[in-house]
Every structure is written in structure tokens, then in C-alpha cells.
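Fold and geometry: a report
In case you want the letters, here they are:
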Amino acid sequence: MVGLGAWSLVGAALIILLLPRSLEQCGHILLSAPIVRLGDQVMASCIINQNCSHLVTEWRIVWKLEPELHPRERQQHLPNGTLQSTITLPHFNHSRVLLSCCLHWGNSLQILDQAELQAGYPPIAPHNLSCIMNLTINSLICQWEPGPDTHLSTSFTLKSFKSQDQCQTQKDSIPDCVPEDGQSHCSIPRRHLQLYQDMSIWVQAKNALGTSISPKLCLAPMDVVKLEPPTLSALEPSPGVAPPQPGCLRLHWETWKPSLYIEQKCELRHQPRLGEAGWDLVSALPARTPEHELCGLLPSTTYTLQMRCTRWPLPGHWSEWSPSLELITAQRAPIVRLDTWWRQRQLDPQTVAVQLFWKPIALEEESGQIQGYLVSRRPSDQAGAEPTLCDTTELNCTFQLPPEAREVLLQAYNTAGSSHPTPVVFLESRGPPLGRLHATARDPHSLWVGWEPPRPPPQGYVIEWGLSPPSPNGSPMTWRLEHDGSIAGTLLQENIRPFQLYEITVTPLYQDTKGPSQHVYAYSQEMAPSHGPELHLRHIGKTWAQLEWVPEAPELGKSPFTHYTIFWTNTQDQSFSTVLNASTHSFVLRGLEPSSLYHVHLMAASQAGATNSTILTLMTLALEESELHIILGLFGLLVLLICLCGAAQFCCRPRISSSCPVFGTPACHPSPRSQCWRRKRKSQGPGSPMTAQGPVASPPLCRPMCSRGTQECLPLSLSPSLATATRCFMCKC
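Quick caveat, the model's predicted, so the values are computed rather than measured.

Helix and strand content of the protein chain: 5 helices and 53 strands. Taken over 733 residues, the protein chain has a buried fraction of 36%. At a minimum sequence separation of 6, the contacts of the protein chain that also span at least 24 residues come to 63%. For the protein chain, the accessible area works out to roughly 43000 Å², and carbon and sulfur atoms hold 54% of it.

What follows covers the layout of surface pockets. When its volume is computed, the second largest pocket comes out at roughly 440 Å³. Around the second largest pocket, the lining comprises 19 residues; the ones closest to its centre are T340, L427, Q459, L481 and L509. Elements with a contribution of two residues or more to the lining of the second largest pocket: strand 26 (336-348), strand 33 (422-425), strand 37 (478-482) and strand 39 (501-510). Per element, the largest residue contribution to the lining of the second largest pocket is 5 residues, and it comes from strand 26. Looking at the lining of the second largest pocket, its residues break down into 10 nonpolar, 6 polar and 3 charged.

Across the sheet, which stays open at both edges, the 4 strands sit in the order 1-3-7-6 with antiparallel pairing between neighbours. With one partner strand each, in any of the chains shown, strand 1 (27-31) and strand 6 (74-77) form the two edges of the open sheet. Each strand of the sheet is rotated relative to its neighbour by a mean of 20°, with strand direction disregarded. In this structure, strand 6 lies alongside strand 7 (residues 83-89), joined through 4 bridges in antiparallel fashion.

If a strand is regular, its side chains alternate between the two faces of the sheet. The element strand 21 (residues 264-272) is extensively covered by neighbouring structure, given that 8 of its 9 residues are classed as buried. Relative to strand 22 (residues 280-286), strand 21 is paired through 5 bridges, and the arrangement is antiparallel. Residue pairing for strand 22: K265 is matched across the bridge by P286.

Quick look at the environment of T231 now. Structurally, T231 can be placed in strand 19 (residues 231-234). Residues T231 and T255 lie 24 residues apart in sequence; the distance between their C-alpha atoms is 6.5 Å. Setting aside residues no more than four positions away along its own chain, T231 makes contact with H252, W253 and E254.

The tally for this structure, following the rule as stated, stands at 13 salt bridges. Close ionic contact of E326 with R273 constitutes a salt bridge, the shortest N to O distance being 3.3 Å. Here E326, found in strand 25 (residues 325-328), pairs with R273, found in the loop between strand 21 and strand 22; they are 53 residues apart in sequence, far enough to count as distant. Accessibility expressed as a relative area gives 45% for R273, which makes it partly exposed.

Take the sheet that holds strand 11 (residues 139-145) next. Strand order in the open sheet made by the 4 strands is 14-11-10-18, with mixed pairing throughout. The open sheet has two edge strands with one neighbour each: strand 14 (185-189) and strand 18 (225-226). Both strand 10 (residues 127-134) and strand 11 contribute to a ladder of 6 bridges, which runs antiparallel. In the sheet register, N134 faces strand 11, and the bridge partner there is S139.

Looking now at the packing of aromatic side chains. Any aromatic ring pair is given by two values, namely how distant the centres are and how the planes are angled relative to each other. With the rule as written, the count across this model stands at 8 aromatic pairs. For the ring pair W358 and Y373, a centre distance of 5.5 Å and an interplane angle of 55° mean the geometry is tilted. Remark: Y373 occurs in strand 28 (residues 372-377) and W358 occurs in strand 27 (residues 351-362); sequence separation between them is 15 residues. No difference in accessibility class separates W358 from Y373, as the two residues are buried. Ring pairs connect the aromatic residues W341, W342 and F426, which therefore count as one cluster. Sitting above the plane of the W321 ring, R269 keeps its charged end 4.2 Å from the centroid. Lying over the aromatic face of W479, K359 brings its terminal NZ or CZ to 5.2 Å of the ring centre.

Our focus in this paragraph is unusual backbone geometry. With an omega of 10°, the peptide bond running from W312 to P313 counts as cis. Here P313 is to be found in the loop between strand 24 (302-311) and strand 25. The linkage connecting R455 with the following residue, P456, adopts the cis geometry, with an omega of 0°. In this fold, P456 is placed in the loop between strand 35 (446-452) and strand 36 (460-467). A positive phi angle, close to 50°, is found at N138, a residue other than glycine. Structurally, N138 can be placed in the loop between strand 10 and strand 11. With a phi angle near 70°, C167 is a residue other than glycine that sits in the positive phi range. Along the polypeptide, C167 turns up in the loop between strand 12 (155-164) and strand 13 (169-177).

Looking now at the state of the cysteines. Following the criterion strictly, the structure yields 7 disulfides and no others. A sulfur-sulfur separation of 1.9 Å characterises the disulfide bridge that pairs C167 with C218. Handedness of the C167-C218 disulfide follows from its S-S torsion of about 90°: it is right-handed. Within this pair, whereas C167 is found in the loop between strand 12 and strand 13, its partner C218 is found in strand 17 (residues 217-219), the two being separated by 51 residues in sequence. The exposure class of C167 is buried, given its relative accessible area of 16%. Paired by a disulfide, C390 and C397 hold their sulfur atoms 1.4 Å apart.

Residues I630, L634, L637, L640 and L644 make up a contiguous nonpolar surface patch of roughly 530 Å² in combined accessible area. Secondary-structure assignment places L637 in helix 2 (residues 625-651). The exposure class of L637 is exposed, given its relative accessible area of 56%.

Time to look at the side chain of T490. Relative to the helices and strands, T490 is located in strand 38 (residues 489-492). Since its relative accessible area comes to 8%, T490 is described here as buried. Polar contacts involving the side chain of T490 include one to the side chain of R480, which spans 2.6 Å. Reaching out from T490, the side chain makes a polar contact with the side chain of E482 at a distance of 3.3 Å.

Each value, and the rule that gives it
Sequence positions are assigned chain by chain, starting from 1 and proceeding in written order. Thresholds applied to this predicted model are a pLDDT of at least 70 for local features of residues and 80 or more for the giving and counting of side-chain atom pairs; totals over whole chains, interfaces and linings are not thresholded and use all residues. Here the side-chain values reflect all heavy atoms present in the structure, with hydrogen atoms and water set aside. Strands are runs of DSSP state E lasting at least two residues, helices are runs of H or I lasting at least four, and both sets are numbered from the N terminus onward. Only protein chains enter the calculation, and the probe is 1.4 Å; a residue is then buried if its accessible area is under 20% of its type maximum, exposed if over 50%, and partly exposed in between. By definition in these notes, contact holds between two residues if any of their heavy atoms fall within 4.5 Å. The protein chains shown are the only cover counted for residues, whose accessible areas, like all others here, come from Shrake-Rupley with a 1.4 Å probe. Definitions used for this entry: grid spacing 1 Å over protein atoms alone; cavity, a set of points where a 1.4 Å probe fits but cannot get out; pocket, an open set with protein on both sides within 12 Å along at least 5 of 7 lines; lining residue, one with an atom within 4 Å of a point. Grid points are joined across faces, edges and corners, and a volume is the space filled by probe spheres set on the points. Following the grouping adopted for this structure description, the nonpolar residues are Ala, Val, Leu, Ile, Met, Phe, Trp, Tyr, Cys and Pro, the charged ones are Asp, Glu, Lys and Arg, and the polar ones are all others, Gly among them. Here, any two strands with at least 2 DSSP bridges between them count as paired. To get an axis, fit a line to the C-alpha atoms, keeping to the stretch in contact for a helix; angles then go from 0 to 180 degrees between the N-to-C directions. Salt bridge, as used here, is a side-chain nitrogen of Lys or Arg placed within 4 Å of a carboxyl oxygen of Asp or Glu. Here the aromatic set is Phe, Tyr and Trp, taking the six-membered ring for Trp, and pairing holds for ring centres within 6.5 Å; pairs whose planes are under 30 degrees apart are stacked, those over 60 apart are edge-to-face, and all others are tilted. Lysine and arginine charges are scored as sitting over a ring when NZ or CZ, respectively, is within 6 Å of the ring centre and within 35 degrees of the ring normal. A pair of cysteine sulfur atoms is labelled a disulfide when the two atoms are within 2.5 Å. Note on patches: the residues involved have over 30% relative accessible area and no salt bridge, like charges join within 9 Å, and the nonpolar side chains Val, Leu, Ile, Met, Phe, Trp and Tyr join within 5 Å. Here a polar contact means two N or O atoms within 3.5 Å. Within protein one must be a hydrogen donor candidate and the other an acceptor candidate, and residues neighboring in sequence count only if both atoms are side-chain atoms.

The structure is reproduced here in C-alpha cells:
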């Protein structure tokens, strides 16, 4: 193999030196078509020149379609001395690839020739052709959609000509417009156009497989003109013109100067800057009247506005929307209901201090922004001015009045005006009171306050609540006006913090009077006791100890004790416990070991948690010497008694009698196995009644029933052996 490889290299070197051309110039490829449709058949031939056929004894031509090798299909010598190899690709599915004709040269492939094959599709006709006349750059700009990719190099050309009779008659041609590569739009300069003359426009797409054109467009450049947007601004107020009404805006705009000679109409759109509201459109605004008052808007609201214009009544395209303009609508006077409450305090016989509270309740969705509140006294003379008591932005005010003053006026105002005056009448307490006012905590941030409605039912209630005692920063009481007089409670959720004591005041309101205020205290959430009762040792013995404790006084905001648990532990870490009810104040520990150390503590539990007392350490008393002697003596007597009982039980066991009892003894039963039975039987002679004369009648054999104290009699005739036997039995009860 080494020799063959060396010979191949030498042969290749000789060929290169001897021939004026390289081996690559020996062959060339002929294609049926260099560019075909995807999926079509491709045929190729590789021809070896006759000048090169003698260089290689055996030509082995291989086709390579990157990156795959294809074996030759047919290889033949032509009459002119050339060698031809052909290949057929039945379904060519590459968009672009190199086809190589190669020669096996030793252990490698020598490329003789290469050809590029391309495949794709004919161009689809462009569509969606549209044009716009841009007066800013004075060009007709046309754009289109080229269609799907053809996988081939495709050129687009915008073609047009001037025409008459709605593009039925062609007149002058217009130079073609060729876009840059990859772009689908092109511009025809103004110098090739006549703005008011029809022209026919289309797009031609062309590649190696064919040509297609788009549908023709017939238009006059000015019919597709697109104007620049106007400049939008707020209309400046004039001295002789009234300001805009609440919810209105006055606008002014200037059209684009190059379009001043063009009749046009405009559209205006607006939306609130905040929120999720969409655009509202105002149509058909004439451009010749560059002013407009926009109404129906929300008062005191910032709006974003934009405008666009188009040629009208002749055809044209809408301009882009103008840059946004933000304006604030005029305010409207507040439309609110003011809920009020007050507190009075007599300073001296001539002066009463009044603290007035209020809350604004909007009566409409957009009731106007409130900038302040005005409290004034109703004058006795209606023609006079109302003296001002307070002018504030807060929701409360403190002022002084003479004792005879029974009414003031409250108003909300802004720059647009004031709300309707709300009379505040200081009522006297002449109505019936509430019944059973109570309050409970629903959760750490709410309180439920309930009551029994009085009779007759009131028109409403005023509920006040705040910390008790008041906080050092002097935060005012929170209050609420309930307009439903039939309710029997309400949930307070405003300004409620956990673990705080609140004072709650409820006042019924009647027609022209009010009832007396009722107070109740409640915690928003009760806490566990801060510490438990202290244990004390009252008495102690050798095996017991009496403990006692003093229950803690109830604490505000602390949940009361529900039960106690006593724990005690000895020196061997053995723990014991017992649970006691909350009314128990003492307990005796029993079963303790004498002269032993114990650790005791008390746990007091409530619904909010538990707490432990301090640990009490105690030691039981030791036994005395005399008591020890007595215990030892008693123990000795107990042992002696046990021994005597054992001996007595042993001595009283049943045993066999040494003499024969008299027949018929109730306490004995006959036993054939007893010694007496056997001994008497041996002493009888051969002339006994049993052997000589047969059985002799005897009285029935009676025996007592040990369990019932009765006798059971058996006839001796049923037992012949018993008739001759001596009445001797072994006692067996």
C-alpha cells in the first residue's frame, strides 16, 4: 500500500509537470438548467476531454452534491474520444447548492468541475399597492407587499405612465423606480408628476423563473395627498369673553402652512390622563374655523388632546395625529352633603365653646374639588353680611358663640363657587336614651357596638370613638353619622388598632332634638395576663403540702383567668400536674416523700394565653425516731402474722382417719380405696353373707350433701359390695 501511495503521488506530479493545464481542466459539467423550480428534475453531464483520457487507465467518476456523494448512473465513451458521465436528480429540493464532478485519484477525490444549482419559485404578483403624495418631500411614495419568498433573487420595479380617460389611454411614460434591495417602497419625484392628472401605477416582480405584475392603480397624486398634522393649543381668554363653563375646554389650532390653500376637515380626540378610559372622537371640525369649545368633560380633570386633518371634500389621506396637548377643565362648585356633629362646652355665662366636625359626602360622580370650608353665623338681619367663624381646609373647627346662638352655616367652596349652605342646629338633649349599649371586638382592627333602639325610633345616630385615655398627641375622636334610625348596631373599622382601650359614645338624633349620649369601653383585642398569681406555702407535712395564692385583680384589656394548672417536680425529675378551675385559690399536694425537695409553680391561663408564676421550692418534713420504731414494730407484727397464717393453713389440710367411723356418720362418705375398707374386708370369713347366701338387703346408704346440708340415699341393693362391707368411710366433703 505504501508503494501504491508513492506511485500515485509520483503519477500526479508527472501529470502536473507534463500537462500545460491541471487535471481540473480535463472535465466540465453541462446542466439541463442551472435554475429550476423546487421539486423539478435536474440532469447533469460530466465530459472528460480526449486529451486527458490517456492519463488515467480507468476513470472512476463520482458526483458530489454537497455534502452527499452520488454514484455514477451512466458512464460511456463517445465517438469523438471523450468520456461522459451523467446523473439525474429526480426531485431537486435545494434552494442553492454546488454540484461537483469528481475523480477517484488514489485515496482521495479530485474535483474536475463544479456547477451551481438553484431552485425556487416564480414570483407571486405583488399586492396591496398604495401611494401617498407627501407634500413635505414633494414625492409620490408607493409601497406594496412583495408576497412569499421565492428563494431566488427577485427584482421589483415600480412602473407608471401618465394617462387620460381614467387610465384608459396611455400618454407619457414615467421613469421606472427601482427600490433598494430588501425594500418594498419607492418614491417618484415631483418633477415626473402632474398633481391633478391621472396616472397608472403597478409593480413588476421578476426572477429567473418568470415575471409577475400587481394590479394597476389609477390615481391623481393630489387625490392621495397626506397633510401634516395641525398645531393644537389652548385658546387664550379674552377680556370680553366669559371663562369656559365647568367641564369645558376652548381650543385653537393652526394648519400646516403648505396646505393653507387646500380645503380640509379635522378630527379631535381626547381622553382623561388618569384612568383607563379610551379615546373619545369629535369629528368634522372645519379647518377654516380654527377654534372649538369642547364640553361635556369631567370638571377639574386633566385631558390629553390630539388633532388630525385631511383634504376635504376631495379625496385624501388623514394626517398623523398631532403632538399631545394636556389641558385641565374648569372646576364646578362642590355638590356635596355635609354630615355634621359638634361638642359644646360652657366657658362662662356669656360664652360657649363649640367644636364642629363635618364630613363631605359627594352627591354626584364628579361633584367638584373642594378647596376649603367656611363656617359662618346666620345673621339676625338677612340683609347683613354673615360673619365668618372659620375658614379652613380641615374637617373640624373650634369657635365661640353666645349662649343664645343655636345655629351656624357650613359651606364647601372652590374657585368655581360654593356648595349649598348646610345649617347646623345645636340641639338640646330632650329625647329618650338608648338601652343596653355594649361593644365587643370582632378582630384586632374592628369593634362591634350594639344597642337597643329607643321608642319612638330616632332619625339616626352619631357614633364617636377614640382612645381612652386620649393619646398625648391629641388626635381627635373619630365619628360617624348613621342616617338609619332602625339599626341596632354598627361595625367600627376606622382608626382601630389592636390591644387598645376605646371609649365609644352613641347619641340618638330625633326631630329637633337629641337623646343623652351613652358611653361604653371596649378593647379592640384582649391580651394575655402579664403575670400570674404568686404561690405561698401555708402548711407542710411529711407527705403533704398546702399551697395558696391570691388571684390578681382584673386588668383592663387583659383576658380573665379561666383555669389554673399546678406543676411539681421532685429531685428525680418526675413531674406531676393537676388542673383547677379559676375559683380555686388553694390546693394540697399529697403523696409526697418525706424529707424530699420539690419545685412547684402555678400557670394561670386565659382565652388570650397563659403565664407562669415564680417557682416555689419546698422540702417535706422528716420522720421522728419514735415514729420509726413504731413503724418497725408494726412491720414485725405483720411478718409474724403472715407466718402464723401459713402454719395454720398447713396444719388444717385433710388427712386419713385412723379408726373406722360408725356407719351412717353424716360427715363421712365411703371410699372403697380407704384402709378401713380393705382391712374389714380381709377379716370376713368364707361364710359371709356375700359369698354364702348372696346379697342381704340393707337399709339405703345415706350421705349428706356437703354443699346443701342434705342427705342423698342410695339403696344398698344397687351396690352388693357395699352391703357386706363395714360401714367405714373416709370423710370427703
